[in-house]
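# Per-entry structural report
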Amino acid sequence: MLAELSIKQFAIIDELNIPFNRGMTVLTGETGAGKSILLDAIGLLVGGRGSSEFVRYGQEKAEIEGLFMIEPDHPVIEAAEQYGIDVEDGTVILRRDLHSSGKSVCRVNGKMMPLSTLREFGRLLVDIHGQHEHQHLMDAEFHLGILDHFAEKEISPLVEEYQTAFAAWKQVADELKRLSQSEQELAQRMDLLSFQTKEIEAAELKVGEEQALTEERDELANFERIHQHIRLSYEAVAEESNGLDQIGVAMREMEEASQLSSSLTSVSETISNAYYLLEDAKFQLRDQLDSLEFDPIRLDEIESRLALFQQLKRKYGTTIEEVITYGEQVSDELKSMTNREEHLQTLSDELIRLEQIARDAGMRLSSARKLAAESLQHAIHRELKELYMEKTAFEVRFKTTSLKQDGLDDVEFYMMTNVGEPFKPLAKVASGGELSRVMLALKSIFSRTVGVASIIFDEVDTGVSGRVAQAMGEKIFRLSVGSQVLCITHLAQVAAMADQHLYITKTETNERTKTNVTSLDRESRIDELGRMIAGAQMTDLTKQHVEELLEMSQQVKQKFIKGVS
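To start, this report covers the structure provided alongside it. Note that this is a predicted model, so its numbers are computed, not measured.

Basis of the calculations
- Residues numbered from 1 in each chain as written.
- Predicted model: local features only at pLDDT ≥ 70, side-chain atom pairs only at ≥ 80, totals over all residues.
- Heavy atoms only, no water.
- Helix = DSSP H or I, 4+ residues; strand = E, 2+ residues; numbered from the N terminus.
- Rg over C-alpha atoms; globule rule 2.2 N^0.38 Å.
- Buried < 20%, exposed > 50% of the residue type's maximum accessible area, 1.4 Å probe, protein only.
- Contact = heavy atoms within 4.5 Å.
- Areas by Shrake-Rupley, 256 points an atom, 1.4 Å probe, with all protein chains shown as cover.
- Pairing = 2+ DSSP bridges.
- Axes fitted to C-alpha atoms, helices over the stretch in contact; angles between N-to-C directions.
- Parallel < 35°, antiparallel > 145°, perpendicular 65-115°, else oblique.
- Nonpolar A, V, L, I, M, F, W, Y, C, P; charged D, E, K, R; others polar.
- Patch = residues over 30% accessible without salt bridge, like charges linked within 9 Å, V, L, I, M, F, W, Y side chains within 5 Å.
- Salt bridge = Lys/Arg side-chain N within 4 Å of Asp/Glu carboxyl O.
- Lys, Arg positive; Asp, Glu negative; His and termini not counted.
- Charge placed at Lys NZ, Arg CZ, Asp CG, Glu CD.
- Core = buried A, V, L, I, M, F, W, Y, C linked by side-chain atoms within 4.5 Å.

### Details of the overall build of the protein chain
Helix and strand content of the protein chain: 20 helices and 15 strands. The C-alpha atoms of the protein chain give 41 Å as radius of gyration, which overshoots the globular expectation for 565 residues (24 Å, by more than 25%). In terms of its C-alpha atoms, the protein chain occupies a principal-axis envelope of roughly 130 × 75 × 50 Å. Considering the protein chain as a whole, with its 565 residues, one finds that 42% of them fall into the buried category. Pairs at least 24 residues apart make up 71% of the contacts formed inside the protein chain by residues separated by at least 6 positions. Carbon and sulfur atoms form 49% of the exposed surface of the protein chain, whose accessible area is close to 30800 Å².

### With respect to the sheet that holds strand β9 (residues 393-404)
Read across the sheet, three strands follow the order β9-β10-β11 without closing on themselves; strand pairing throughout is antiparallel. Of all the strands in the sheet, the pair left with one neighbour each is β9 and β11 (424-425). Looking at chain direction, β9 and strand β10 (residues 407-416) are connected through nine bridges and run antiparallel. Residue E395 lies in a different strand from β10, and its bridge partner there is Y414.

### Focus: the sheet that holds strand β12 (residues 454-458)
The strand order β8-β12-β13-β3-β14-β15 describes an open sheet built from six strands, whose pairing is mixed. Of all strands in the sheet, those bounded by a partner on one side alone are β8 (126-129) and β15 (512-519). Here the strands of the sheet are splayed against their neighbours by 20° on average, with no regard to which way each runs. Relative to strand β13 (residues 484-488), strand β3 (residues 24-28) runs parallel, the two being bridged by four bridges. Across the sheet, the residue bridging to T25 is L486, located in β13. Of the strands in this sheet, β3 and β14 (500-509) touch helix α19 (residues 522-534), which is tilted by about 80° from β14.

### Re the packing of helix α5 (residues 143-150) against helix α6 (residues 152-179)
Packing of α5 against α6 leaves a shortest axis separation of 6 Å and a crossing angle of 115°. Viewed along their axes, α5 and α6 adopt a mutual orientation that is roughly perpendicular. Taking contact as the criterion, the partners of L147, D148, H149 and F150 in α5 are, on α6, E152, I155 and V159. A breakdown of the residues in the contact of α5 with α6 according to their chemical character gives four nonpolar, one polar and two charged.

### Here's the deal with a negative patch on the surface
On the surface, a cluster of negative charge is contributed by D521, E523, D527, E547 and E548. When contributions to the negative patch are tallied by element, the ones reaching two or more residues are α19 and α20 (540-564). Examined against the element boundaries, D527 turns out to sit in helix α19. For D527, a relative accessible area of 46% translates into the label partly exposed.

### Comments concerning the pairing of strand β4 (residues 61-69)
On a regular strand, one side chain projects to one face of the sheet and the next to the other, so that they alternate. Bridging between strand β1 (residues 2-10) and β4 involves six bridges; their strand directions are antiparallel. Across the sheet, residue E4 finds its bridge partner in β4, namely L67. Alignment of β4 against strand β5 (residues 91-99), held across nine bridges, turns out to be antiparallel. Along β5, the bridge assignment pairs K61 with H99.

### A short note on unusual backbone geometry
The backbone of A11 shows a phi angle near 55°, a positive value even though the residue is not glycine. In this structure, A11 sits in the loop between β1 and β2 (13-19). Here E204, not a glycine, exhibits a phi torsion of approximately 45°, which is positive. Tracing the chain through its elements places E204 in the loop between α7 (183-203) and α8 (209-221).

### Structural notes on the nonpolar core
One recurring pattern in soluble globular proteins is that nonpolar side chains are buried together. L376, V396 and F413 are the most contacted members of the largest nonpolar core, which totals 49 residues. For this core, the elements supplying multiple residues, two or more each, are α5, α6, α7, α13 (320-338), α14 (340-386), β9, β10 and α16 (432-450). For this core, the element with the highest residue contribution is α14, accounting for 14 residues. Counting 43 residues, the second largest nonpolar core, distinct from the first, contains L27, A62, I70 and I456.

### As for the environment of M532
With respect to the helices and strands, M532 occurs in helix α19. Measuring from C-alpha to C-alpha, the distance between M532 and V546 comes to 9.9 Å, with 14 residues separating the pair along the chain. Sequence-distant contacts of M532, that is, excluding residues within four places in its chain, are made with T28, T489, H490, L491, A492 and A495.

### Notes on the pattern of salt bridges
Note that side chains of opposite charge can pair when their charged atoms are close. Tallied over the entire structure, the rule returns 29 salt bridges. The residue R95 makes a salt bridge to E63 at a minimum N-O spacing of 3.1 Å. Separated by 32 residues along the polypeptide, R95 in strand β5 and E63 in strand β4 bring together distant segments of the chain. Residues R95 and E63 agree in their burial class; the two are buried.

Shape descriptors only; they carry no functional weight alone.
See below:
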């Protein structure tokens with residue numbers, strides 16, 4: 001459950017710390033007081049899209065923090081282990097800071113996380129039902145997802161199997177389509193590939209050649225300087241009375257000295273080694289001088305070759321290795337085009353084989369969906385009966401399609417709201433109140449399988465009143481027995497079922513507007529329910545009606561709790 005919510009500098013909220021209880025909590029107040037702003041804050045806390053506009057005017061950042069208490073077997077524990085997050089005493093703390101610059105910082109139990117990870121944790125902890133979901137319910141594009149979500153355990157493996165087969169089929173289908181382009185486009189493509197292949201093959205590229213030629217070019221370009229340095233070095237070593245002669249004198253003198261004193265043997269050997277090494281170097285320098293020859297023709301050849309490398313790299317890659325790889329790719333593509341008819345036939349045969357595999361997987365998926373649809377229909381009928389829509393019929397209709405990403409099915413929800421009338425698409429037959437009840441029915445069904453810590457309803461009772469409002473209040477309360485429920489409502493019948501009643505107001509202090517939250521006791525609650533029923537005027541009759549409503553709600557709650565236990 002969401003045990004505590006802390007909000008600072010968010011929209012018109014200055015600073016709020018709101019403790020929440022288990023069970024059903026309602027939030028009421030005048031329109032514009034800030035009820036939906038609280039839900040916006042919770043939505044951002046669990047990974048919703050943020051904006052700098054949420055930061056209170058004149059402040060640098062908004063801070064939202066939520067403390068969740070969870071059971072040891074809650075799925076969020078496994079998610080925390082995957083990300084190396086410690087969960088102690090069944091406590092998970094989500095935090096999100098929104099800066100006026102647009103930057104967003106997310107934390108889970110103090111550990112910084114990307115928004116996608118925060119959203120993953122939020123999905124496991126909170127299920128928010130906002131008014132916009134009515135629009136999703138009327139949009140047939142969302143109906144298949146609702147059905148798959150209903151029987152996720154059975155359908156998910158079949159969806160994965162189908163999508164794997166579909167991906168393999170689509171890859172071959174795209175390749176076949178590409179090769180089946182118009183003859184003119186194909187001819188143009190073949191001409192281009194042929195030119196590129198010949199140009200690269202004619203270059204006879206070799207890995208490492210560019211570096212070797214660059215080194216050779218540098219040597220030829222610096223021939224005069226290299227020759228001068230070698231010549232001067234040779235003269236210093238080899239000419240009479242230069243280095244080698246002087247070291248030879250030192251070697252002979254030390255050989256004589258070492259015969260007179262054994263302690264000089266080591267230094268004598270060092271000088272001797274130096275002499276012979278230098279003598280060997282003299283011969284190498286002489287050979288270098290004899291072999292050095294400036295070849296301007298070779299230099300021109302190298303420069304031309306390196307220029308060709310640069311030209312090819314500008315066209316086909318940043319390195320010679322990439323140019324070689326590109327040449328191999330275009331050569332393979334050209335071969336496949338040259339053998340086009342044979343290749344097309346091979347692909348066509350493979351496409352037929354893969355299409356059958358995908359269709360078989362799609363039919364298995366479709367069969368599972370139809371079984372799930374029957375269960376969903378029965379479940380919704382049970383829920384709608386409790387919401388005074390016992391004569392309403394709900395139906396999931398299927399239309400078989402060609403292969404597509406999510407299977408072979410188009411699914412749309414149909415309803416018959418009056419006996420004798422035909423079934424019509426949900427969007428064309430359901431009123432606002434009926435949509436609210438259908439959505440609540442779906443939420444009631446899904447809450448048994450989702451296992452989130454908190455369910456939040458934002459004016460789910462739109463368009464209903466009277467006994468229907470009472471039934472919706474009872475159903476929301478039933479949800480709260482298994483999960484914490486937070487509910488924004490304008491109906492006294494729904495608010496009377498709550499275990500905790502929070503009253504939202506806004507005030508002006510120092511020429512600034514801010515939102516306040518007050519937890520109502522029984523007397524304050526009677527006043528608020530009276531306002532919701534009769535408006536600003538609170539009469540004795542209204543007060544009596546509210547007390548009867550609270551008493552009746554308490555009896556219903558106790559009866560249901562006893563039935564559950």
